[in-house]
Amino acid sequence: MSTPEAALTTYKQKLANNRLGLWLFLLSDSFVFAALLVTRFYLLGDKRPHLEQELGLIVTSVLLISSFFANRAEVQISKGNRKGFLSSIFITMLLGITFLVGVVGFEWRLAPFGPADGPEGAVFFMMTGMHAFHVLTGVIFLFIVYRNGLKGHYSPEKHWGVEAAVNYWHFVDVVWIFFYPALYLIGTL
Amino acid sequence: MKGILSYGILRGLIGQIVGWAAGIGLVTGIRALMGLAYKAEPAWVVGAALGIIGFLIGIGAFRDWFAWAKGEETPDPEEIHEEPGVKRYFGYSLDHKVIGVQYAFLSLFLLVVGGSFALIFRVELVQTGMQWVTLNFFNTLIGMHGMTLIVSILMGISAMSNYAVPLLIGAKDMAFPRLNAFSFWLAVPASLVLVSAIFTGGFDTGWTGYPPLSIRAPMGMQMFFVAVFFAGWSSILGALNLIVTILRMRAPGMKMFRMPIFAWATLATSIIALTATQLIGTSFQMVSFERLFGMSFFDATKGGNPILFQHLFWFYSHPAVYIFVLPGLGIISELLPVFVRKPLFGYKWVAMSSLGIALVGFLVWAHHMFTSGMEEYLRVPFMYSTLLVAVPTGIKFFSWVATMWMGRIRFQVPMLFIIGAIIVFLMGGLSGPPLGTVSTNLHMHDSYFVVGHFHATMFGGFIFPLFAAIYYWYPKVTGRKMNDLLGKIHFYMLTPGFLIMSFGQMQIGLLGMRRRIADYDPAQGFETAHLIITIAGFMVALSVLIFLINLFVSAKRGEVVTENVWQSRSPEWTVLPTPAPMHNYPQPIRVVGDPYDYGLKGARYVEILPQQAGD
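Here the structure is a predicted model, which is why all the values come from computation and not from measurement.

1. Regarding the overall build of chain B
Thinking step 1. When helices and strands are counted, chain B shows 21 helices and 2 strands.
Thinking step 2. At 24 Å, chain B has a C-alpha radius of gyration in line with the 25 Å of a compact globule built from 615 residues.
Thinking step 3. Expressed as lengths along the three principal axes of its C-alpha atoms, the size of chain B is roughly 75 × 60 × 45 Å.
Thinking step 4. In chain B, which comprises 615 residues, the proportion classed as buried is 55%.
Thinking step 5. Contacts spanning at least 24 positions in sequence make up 81% of the contacts within chain B whose residues lie at least 6 apart.

Below is the structure:
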């Protein structure tokens, strides 16, 4: 186990374990969001809550664009371009924070109901709150990766931390692709 | 003082107290800044949650992960040499065998606690009228009995799978040893929070926590929710770890269809635990938020729908029973060939039947809700899917019977419990279809028949196999055998005691005894039956006490064994010495045959690979 080749084989095996573990975690987590979607359709049916359409479109675009930069970060580090990797992670983080400010800072205030005002409020705040919590953990995760990236910890061969953070970020993004129409588009007011 | 603090669990407890106090202080402080008066419920909820995190920080479960976040390297678990001795069992250890034993102790501790709750309310039920507990305390005990034992069972299956699966599949350890230790230590403070529900007002909903009652129940309800949420995460992360271990860490040559059946059963269980458990966490979280923030998910007066809760809740809580029984059924299939000295009948079918039960288990949840007022068209499809569960379960029974047929059965203590498990689980299984069929369910819903049915499934599917597994692998842990005579007394008290209890419950259930009630009409004439059930219940408790005495006394005085006590073909007995060394399989092994070829001439299963030169 002392040769560099053997060490790389061990690393690759661990990497495969880690990848499977992350995918299983995302599978498990998706059941939480599925439960919230079920709740939304069970309680509200074909009604949708009254929300700011423009704001919804803006935050959705911001989050989708952030996923592009997240992907770019992973591509750049695997090519060995540290500068491009760091700038992409940084932009992803900023866009994530913008999304959070948009949802929690503005939409939560602008919504014409509070969490205690009937099922609409309960569903809206639970769904956006649970999603925002995941975005927040994703931002923290990206920040850790960014900080370690600044220290020069990742290489084209070994950058599992980046891959995990980015895949988690994509997952959170995909969840929003289901949540956005469920909250903003489907149904009548 | 420093000597005591070297026990991780004590650092954890101190961390939990500090975290709990900090949580209460934090919420009270924020509320004070907002100009609000002290309110117990939010403060205690946040306190309980932070207390659990405090425990984990105290015991050091986050240490390595924080180091990774800071970009530091930590040593590989295989390179860590822990000090041998009893102390390993009281702190943060990365060895799956230690964690398995830790799980077992937590499981048995909760088994005793939860069982004692049952004894208290069984005594109350002997006579009509209320004698020695209050109504609220009775209800609290009912709910606590249920949930404490559910957590106990979750810990018990984790104990068996953590200890046995890496050994059975020839792995060095679990895939993620730190996550493994984290999952276990998450359950310890969660169990403490669960027990704290008794002292924070209790709750009167039973273990199901149905709203709208759970929205109005005393504050103990919230402790119950917090505890289940974190115990659920423990179960999810443990399941994740097991799936990766089974899929990726098998010894060379062990193809999927050469895996021991217990690994198959654990795989099936873990798939359910990984996914469905999120639903109970989410549904309890929603009730908790409804209480804290007034979010009206389930309160019909404010536009919510209580039926929704039942759908979400049972989407976990029905598959959960398969989480509970599948590992136990796997243990039966795993140990039966050892004691019958014959190959397991229909290996592939048995392996697939576990996955079959897991799959069908996802599609049956609404059979708990036939009387709830849900959409009527859902009844018949769910009845059929429920009855479909009998098919894969039947495969297992046929396999067991056919394996035993013409075998040279050795009636050693683990085998007794295997036979007991098959009989008791059969009783549990046969009492299932009347409950799964809509027309009969409408009459038997919420009666003691249900109680009798699921106690039979839980005992047959979990308790008996757990005891068998403990008797079987005990020499591997301690190097000593458990006392045979005490083991036989344990079995011959437990089995009749349990059957009387379970059949008694089914009988009075059919006659109209409702479950979860503290008192009943003397004119119903159930007093004698309740007395017999209670005596049988105490018999079960006494047999478990004998088992516990055996467990502790044999660790010091049991017969010393060094070789393959049960003449098993499994690598942990044939390759490893007894007791098991700290690191599994120092020499690499290879699987060259099928696991259960007992009595076949020239059959080989595992061989040790020759050491490579220069390694």
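2. Describing the overall build of chain A
Thinking step 1. Within chain A one finds 5 helices and 0 strands.
Thinking step 2. Order of helices (α) and strands (β) in chain A, N terminus to C terminus: α-α-α-α-α.
Thinking step 3. Projecting the C-alpha coordinates of chain A onto the three principal axes gives extents of approximately 65 × 30 × 20 Å.
Thinking step 4. Taking contacts inside chain A between residues at least 6 apart in sequence as the whole, the part at least 24 apart equals 81%.

3. Observations regarding helix α11 (residues 306-340) of chain B
Residue and element names in this part refer to chain B.
Thinking step 1. In this model α11 runs 51 Å from its N-terminal to its C-terminal C-alpha over 35 residues, within 8% of the 51 Å that 1.5 Å per residue would give.
Thinking step 2. At W314, α11 shows its maximal bend, which comes to roughly 35 degrees.
Thinking step 3. With 33 of 35 residues buried, α11 lies mostly within the body of the structure.
Thinking step 4. Within two residues after α11, R341 carries a phi angle of roughly 60 degrees, on the positive side.

4. Focus: the interface of chain B and chain A
Thinking step 1. Each side of the interface is counted separately: chain B has 28 residues, and chain A has 26 residues.
Thinking step 2. Those elements giving two or more residues to the side of chain B that touches chain A turn out to be α9 (220-248), α10 (261-293) and α11 of chain B.
Thinking step 3. At 8 residues, α10 of chain B tops the list of elements feeding residues into the side of chain B that touches chain A.

5. Quick look at the environment of A197 of chain B
Residues and elements named next belong to chain B.
Thinking step 1. Mapped onto the fold, A197 is located in the loop between α7 (177-196) and α8 (213-216).
Thinking step 2. The exposure class of A197 is buried, given the 26 C-beta atoms found within 10 Å.
Thinking step 3. In sequence terms A197 and M144 are 53 residues apart; their C-alpha atoms lie 8.3 Å from each other.
Thinking step 4. Each residue touching A197, except ones within four places of it in the same chain, is listed here: M144, G202, F203, G220, M223 and F224.

6. Some words on the nonpolar core
Residue and element names in this part refer to chain B.
Thinking step 1. Within the largest apolar cluster, 242 residues are counted, with the highest numbers of intra-cluster contacts made by W185, F224, A227, I243, F417, I418 and A468.
Thinking step 2. When residues in this core are grouped by element, the largest group, 22 residues, is from α11.
Thinking step 3. When residues of this core are assigned to domains, at least three map to each of domain 1 (1-75 + 85-92) and domain 2 (93-608).
Thinking step 4. Apart from residues lying up to four places away in sequence, W185 is in contact with G12, L56, I59, A61 and Y92.

7. Let's talk about the confidence of the model for chain A
Thinking step 1. Overall, the predicted model of chain A reaches an average pLDDT of 93, with 99% of residues at or above 70.
Thinking step 2. The weakest mean pLDDT in chain A belongs to helix α1 (residues 4-44) of chain A at 92; the strongest belongs to helix α5 (residues 160-185) of chain A at 96.

8. Focus on the confidence of the model for chain B
Thinking step 1. Of all residues in chain B, 99% attain a pLDDT of 70 or more, and the chain-wide mean is 92.
Thinking step 2. Model confidence for the complex: the whole-complex pTM is 0.94, and ipTM, which rates the interface, is 0.94.

9. Points about the environment of R88 of chain B
All names here are of chain B.
Thinking step 1. Examined against the element boundaries, R88 turns out to sit in the loop between α4 (63-69) and α5 (96-125).
Thinking step 2. Considered as a pair, R88 and Q102 are 14 residues apart in the sequence and their alpha carbons are 9.6 Å apart.
Thinking step 3. Residues in contact with R88, not counting those within four places in the same chain, are E82, E83, S93 and V98.

10. Here we look at the packing of helix α6 (residues 135-168) of chain B against α10 of chain B
Residues and elements named next belong to chain B.
Thinking step 1. Contact pair α6 / α10: the axes reach a minimum separation of 10 Å and the direction vectors enclose 130 degrees. Overall, the two elements α6 and α10 adopt an arrangement that is oblique. Of the two elements, α6 crosses α10, and the hand of that crossing is left-handed. When α6 is examined against α10, the residues I157, S161, A164, V165 and L168 are found in contact with a partner set consisting of F262, A263, T266 and T269.
Thinking step 2. In terms of residue class, the contact of α6 with α10 is made up of 6 nonpolar, 3 polar and no charged.

11. Quick notes on the domain arrangement of chain B
Residue and element names in this part refer to chain B.
Thinking step 1. What the domain assignment reports for chain B is domain 1 (1-75 + 85-92) and domain 2 (93-608).
Thinking step 2. The C-alpha centroid of domain 2 is placed 29 Å from the C-alpha centroid of domain 1.
Thinking step 3. Each partner contributes to the interface: domain 1 provides 20 residues, whereas domain 2 provides 23 residues.
Thinking step 4. Only α2 (8-33) and α3 (40-59) provide two or more residues apiece to the side of domain 1 that touches domain 2.

12. Some remarks on unusual backbone geometry
Residues and elements named next belong to chain B.
Thinking step 1. In this model, P211 is joined to P212 through a cis peptide bond whose omega is 5 degrees.
Thinking step 2. As for its placement among the helices and strands, P212 is situated in the loop between α7 and α8.
Thinking step 3. Despite not being glycine, R341 has its phi angle at roughly 60 degrees, a positive value.
Thinking step 4. Relative to the assigned elements, R341 resides in the loop between α11 and α12 (347-361).
Thinking step 5. The class of R341 is partly exposed, set by 13 C-beta atoms lying within 10 Å.
Thinking step 6. Of note in this structure, Q567 is not a glycine but carries a positive phi near 50 degrees.

13. A closer look at the packing of α11 of chain B against α12 of chain B
All names here are of chain B.
Thinking step 1. Axis separation between α11 and α12 bottoms out at 9 Å; the angle between their running directions is 170 degrees. Viewed along their axes, α11 and α12 adopt a mutual orientation that is roughly antiparallel. Along the contact surface, α11 presents H318, P319, Y322, L326, G330 and S333, while α12 presents V350, S354, I357, A358 and G361.
Thinking step 2. Along the lines of polarity and charge, the residues of the contact of α11 with α12 split into 6 nonpolar, 5 polar and no charged.

14. A word on α3 of chain B
Side chains of residues three or four places apart in an α-helix project in the same direction, reflecting 3.6 residues per turn.
All names here are of chain B.
Thinking step 1. For α3, built from 20 residues, the straight-helix expectation of 28 Å at 1.5 Å per residue is met to within 8% by its first-to-last C-alpha distance of 28 Å.
Thinking step 2. Burial runs high along α3: 15 of the 20 residues are buried.
Thinking step 3. Just beyond α3, the residue with positive phi is G60, at close to 90 degrees.

So, how was this worked out
Residues numbered from 1 in each chain as written. Chains lettered and ligands numbered in written order. Predicted model: local features only at pLDDT ≥ 70, side-chain atom pairs only at ≥ 80, totals over all residues. Helix = DSSP H or I, 4+ residues; strand = E, 2+ residues; numbered from the N terminus. Rg over C-alpha atoms; globule rule 2.2 N^0.38 Å. Buried ≥ 20, exposed ≤ 12 C-beta atoms within 10 Å, placed from the backbone. Contact = placed C-beta atoms within 7 Å. Expected span 1.5 Å × (residues − 1). Bend = angle between axes of the 7 residues up to and from the residue. Core = buried A, V, L, I, M, F, W, Y, C linked by C-beta atoms within 7 Å. Domains from an automatic or database assignment. pLDDT = per-residue confidence, 0-100. Axes fitted to C-alpha atoms, helices over the stretch in contact; angles between N-to-C directions. Parallel < 35°, antiparallel > 145°, perpendicular 65-115°, else oblique. Left-handed = near helix turned anticlockwise from the far one by under 90°. Nonpolar A, V, L, I, M, F, W, Y, C, P; charged D, E, K, R; others polar.

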